[in-house]
Amino acid sequence: QVQIVESGGGLVQPGASLRLSCAASGIIFNIYRMSWYRQAPGKQRELVAAITSGSNTNYTDSVKGRFTISRDNAKSTVYLQMNSLKPEDTAVYYCNAHLRLALWDQQDYWGQGTQVTVSS
């Protein structure tokens, strides 16, 4: 049984930092691309950051220079370090595990989400 569990969200003031964690089980973690998505009220879910099995990373423009994604394969955990948080970062953050074996054979697993609220 696959489980994706996020933690680390909360309420912080603008300029503060948070670190989100996502622990995966039931998958061969080190072969999956791991990503963080977020969804703000009334908006579509968007990709925030991703890290491949080879630890290549990419970020959406609005978080470049502020957020860092990393992974610890020994712990089957992916992290999102968020610095200099802004009110517009407020959203539910979701962890995704993705594996593409072939165009017709892809696997996606999602966590339940963790709320991040940035407000003074």
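Attention in this report is confined to the structure presented alongside it. (Residues numbered from 1 in each chain as written. Predicted model: local features only at pLDDT ≥ 70, side-chain atom pairs only at ≥ 80, totals over all residues. Heavy atoms only, no water.)

1. Digging into the overall build of the protein chain
Working step 1: Counting its secondary structure elements, the protein chain contains zero helices and 11 strands.
Working step 2: The order of helices and strands in the protein chain, counted from the N terminus, is β-β-β-β-β-β-β-β-β-β-β.
Working step 3: At 14 Å, the protein chain has a C-alpha radius of gyration in line with the 14 Å of a compact globule built from 120 residues.
Working step 4: Taken across its 120 residues, the protein chain has 40% of its residues classed as buried.
Working step 5: Considering only residue pairs separated by 6 or more positions, the protein chain has 53% of its internal contacts joining residues 24 or more positions apart.
Working step 6: Carbon and sulfur atoms form 46% of the exposed surface of the protein chain, whose accessible area is close to 6,500 Å².
Working step 7: Distance between charge centres in the protein chain, computed from 11 positive and 8 negative side chains, equals 3 Å. (Helix = DSSP H or I, 4+ residues; strand = E, 2+ residues; numbered from the N terminus. Rg over C-alpha atoms; globule rule 2.2 N^0.38 Å. Buried < 20%, exposed > 50% of the residue type's maximum accessible area, 1.4 Å probe, protein only. Contact = heavy atoms within 4.5 Å. Areas by Shrake-Rupley, 256 points an atom, 1.4 Å probe, with all protein chains shown as cover. Lys, Arg positive; Asp, Glu negative; His and termini not counted. Charge placed at Lys NZ, Arg CZ, Asp CG, Glu CD.)

2. Considering the pairing of strand E11 (residues 114-118)
Working step 1: Of the two faces of E11, the one holding Thr114, Val116 and Val118 is buried and the one holding Gln115 and Thr117 is not buried anywhere.
Working step 2: Relative to E11, strand E2 (residues 10-12) runs parallel, the two being bridged by three bridges. Counted as the bridge partner of leucine 11 is threonine 117 from E11.
Working step 3: Bridge analysis of strand E9 (residues 91-102) against E11 gives three bridges, and the strand direction is antiparallel. When the bridges of E11 are listed, valine 92 appears paired with glutamine 115. (Pairing = 2+ DSSP bridges.)

3. Comments concerning the sheet that holds strand E3 (residues 18-25)
Working step 1: The antiparallel open sheet is built from four strands, whose spatial order is E1-E3-E8-E7. Of all strands in the sheet, those bounded by a partner on one side alone are strand E1 (3-7) and strand E7 (67-72). Direction aside, the axes of adjacent strands within the sheet are offset by 15° on average.
Working step 2: Judged from the six bridges that link them, E7 and strand E8 (residues 77-82) form a sheet pairing that is antiparallel. Residue threonine 68 lies in a different strand from E8, and its bridge partner there is glutamine 81. (Axes fitted to C-alpha atoms, helices over the stretch in contact; angles between N-to-C directions.)

4. Observations regarding the pattern of salt bridges
Working step 1: Tallying each qualifying case throughout the model produces four salt bridges.
Working step 2: Here arginine 38 makes a salt bridge to glutamate 46, at a shortest N to O gap of 2.7 Å.
Working step 3: Here arginine 38 and aspartate 89 are joined by a salt bridge, their closest N and O atoms 3.0 Å apart. Residue arginine 38 is located in strand E4 (residues 33-39), and its partner aspartate 89 is located in the loop between E8 and E9; the two are separated by 51 residues in the primary sequence.
Working step 4: Salt bridges here are not isolated pairs; linked through shared partners, they connect Arg38, Glu46, Arg66 and Asp89. (Salt bridge = Lys/Arg side-chain N within 4 Å of Asp/Glu carboxyl O.)

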